[in-house]
Amino acid sequence: EAAPEVAVNVGARALAASRALTSGWLRSATLTPINGDIGPNRRFGTFSLDLGEVKEIKNVCGVTVNDVVLATVAGAVRSYLIEERDFDPTDADFRAMAPVSVRSSSERGTLGNQVAMWLVPLPLGEESPRERLAVIRDETLELKATNQALGAATLVGLSSGAPITLLSLATRLAAGVRPFNMTVTNVPGPQMPLYLLESRLLAQYPLVPLWHQHGLGIAIFSYDGRMDWGLNADWDLVPDLDPFVAHLERAFVELREGARDKASGTA
């Protein structure tokens, strides 16, 4: 690259890295009933959505599939904390850590993971499902505009070969600061059926490991017109995982019905 282009590139990366560091990684999120000391035992729950219905909300409301996912989680966490845990989330600074791909278009199809991390505040104090979705849309647009995925990727690159890698630093940071409350990772998969010999793969439910003081993590995989959710929970911290799944179902239905009302002009 020419010298001016290199300077611009380095400056953009430095600014993005600075914004990533100051987006919440250095301060703790609100302590909630699903954030506490975890033990060695786990509960695992599953949940599935029709991908077409998810995209219906996306298209009507002018958002992304990931925005719909995060709004569903926000609605579920809100009602779960209120109804199952007697916890008022109105003023909670509740953040999801959402991994995002930083693979360039020229790198599509290459091997290896190229993933950075977003911190996305979830508006648990907002009662309206459509308003929660709008707030999350604005949050993710801001994350894109400030290039925070590039910033996180830059930090990863700077840590390569260092005595303390960024992963080690992040682990220590999460153990002491707890900058987010839960992980929500959404991975797009093939939209055609896969087979092993003559046996068709029906569904696959992913699992994300739990961080220190994180009693619940959500991983999602889209496959063959479905969106399959795997919920990993600490056995003691989240004993009521089945009710949480029911709250997810309800939160999605609220979003879907709100989108249909908007499309029909009744709301």
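Here the structure is shown first, and the text comes after it.
Quick look at the structure, then. (Residues numbered from 1 in each chain as written. Predicted model: local features only at pLDDT ≥ 70, side-chain atom pairs only at ≥ 80, totals over all residues. Heavy atoms only, no water.)

**Re the environment of R78**
Move 1: Positionally, R78 belongs in helix α3 (residues 65–85).
Move 2: Accessibility expressed as a relative area gives 14% for R78, which makes it buried.
Move 3: C-alpha separation for the pair R78 and L122, spaced 44 residues apart in sequence, amounts to 9.4 Å.
Move 4: The residues touching R78, leaving out its near neighbours within four places in the chain, are P89, L124, G125, E126, E127 and R132. (Helix = DSSP H or I, 4+ residues; strand = E, 2+ residues; numbered from the N terminus. Buried < 20%, exposed > 50% of the residue type's maximum accessible area, 1.4 Å probe, protein only. Contact = heavy atoms within 4.5 Å.)

**Considering helix α7 (residues 241–264)**
Move 1: The end-to-end C-alpha distance of α7 is 35 Å, a good match for the 34 Å that 24 residues give at a rise of 1.5 Å each.
Move 2: The set of residues buried in α7 consists of L241, F244, V245, H247, L248, A251, F252, L255, R256, G258 and A259.
Move 3: Elements in contact with the buried residues of α7: β1 (42–50), α2 (51–61), α3, α4 (129–145), β7 (216–223) and β8 (226–234).
Move 4: Count one or two residues on from α7 and you reach G265, which has phi positive near 80°. (Expected span 1.5 Å × (residues − 1).)

**Some words on the packing of aromatic side chains**
For any two aromatic rings, the description comes down to two numbers: the centre-to-centre distance and the angle of the planes.
Move 1: In the structure shown here, the tally under the stated rule is three aromatic pairs.
Move 2: Judged by centre distance (5.3 Å) and plane angle (85°), the rings of Y80 and F244 are edge-to-face. Remark: F244 occurs in helix α7 and Y80 occurs in helix α3; sequence separation between them is 164 residues. The same class applies to Y80 and to F244, which are both buried.
Move 3: Taking the centre distance of 5.2 Å and the plane angle of 85° together, the rings of F180 and W211 count as edge-to-face. Pair noted here: F180 is in the loop between α6 (166–176) and β4 (182–188) and W211 is in the loop between β6 (199–200) and β7, with a separation of 31 residues, a long-range link.
Move 4: Over the ring of W235 we find R43; its NZ or CZ atom is 3.6 Å from the centre of that ring. (Phe/Tyr/Trp six-rings, centres within 6.5 Å; stacked < 30°, edge-to-face > 60°. Lys NZ or Arg CZ within 6 Å of the ring centre and 35° of its normal.)

**A word on the pairing of β8**
Move 1: By the criterion of burial, β8 is predominantly enclosed, with eight of the nine residues buried.
Move 2: Examined bridge by bridge, β1 and β8 share nine bridges and lie antiparallel to one another. Paired with D50 across the bridge in β8 is R226.
Move 3: Counting the residues in the hairpin turn of β7 and β8 gives two residues, including D224, whose phi is positive at 50°. (Pairing = 2+ DSSP bridges.)

**Here's the deal with the side chain of D234**
Move 1: By the element assignment, D234 lies in strand β8.
Move 2: On the basis of relative accessibility, which here comes to 2%, the residue D234 falls in the buried class.
Move 3: For D234, the side chain forms a polar contact with the side chain of R42, separated by 3.3 Å.
Move 4: Once you skip the residues sitting within four places of it in the chain, D234 turns out to touch I38, G39, N41, R42, R43, L210 and G215. (Polar contact = N/O pair within 3.5 Å; in protein donor to acceptor, adjacent residues only side chain to side chain.)

**Overview of the packing of α3 against α4**
Move 1: Remark: α3 packs on α4, axes separated minimally by 9 Å, with the N-to-C direction vectors making an angle of 130°. The orientation of α3 relative to α4 falls into the category oblique. Relative to α4, α3 is oriented so that their crossing is right-handed. Where α3 approaches α4, its residues D67, V68, L70, A71, A74, G75 and R78 are matched on the opposing element by R132, L133, I136, R137 and T140.
Move 2: The residue makeup of the contact of α3 with α4, split by class, is six nonpolar, two polar and four charged. (Axes fitted to C-alpha atoms, helices over the stretch in contact; angles between N-to-C directions. Parallel < 35°, antiparallel > 145°, perpendicular 65-115°, else oblique. Left-handed = near helix turned anticlockwise from the far one by under 90°. Nonpolar A, V, L, I, M, F, W, Y, C, P; charged D, E, K, R; others polar.)

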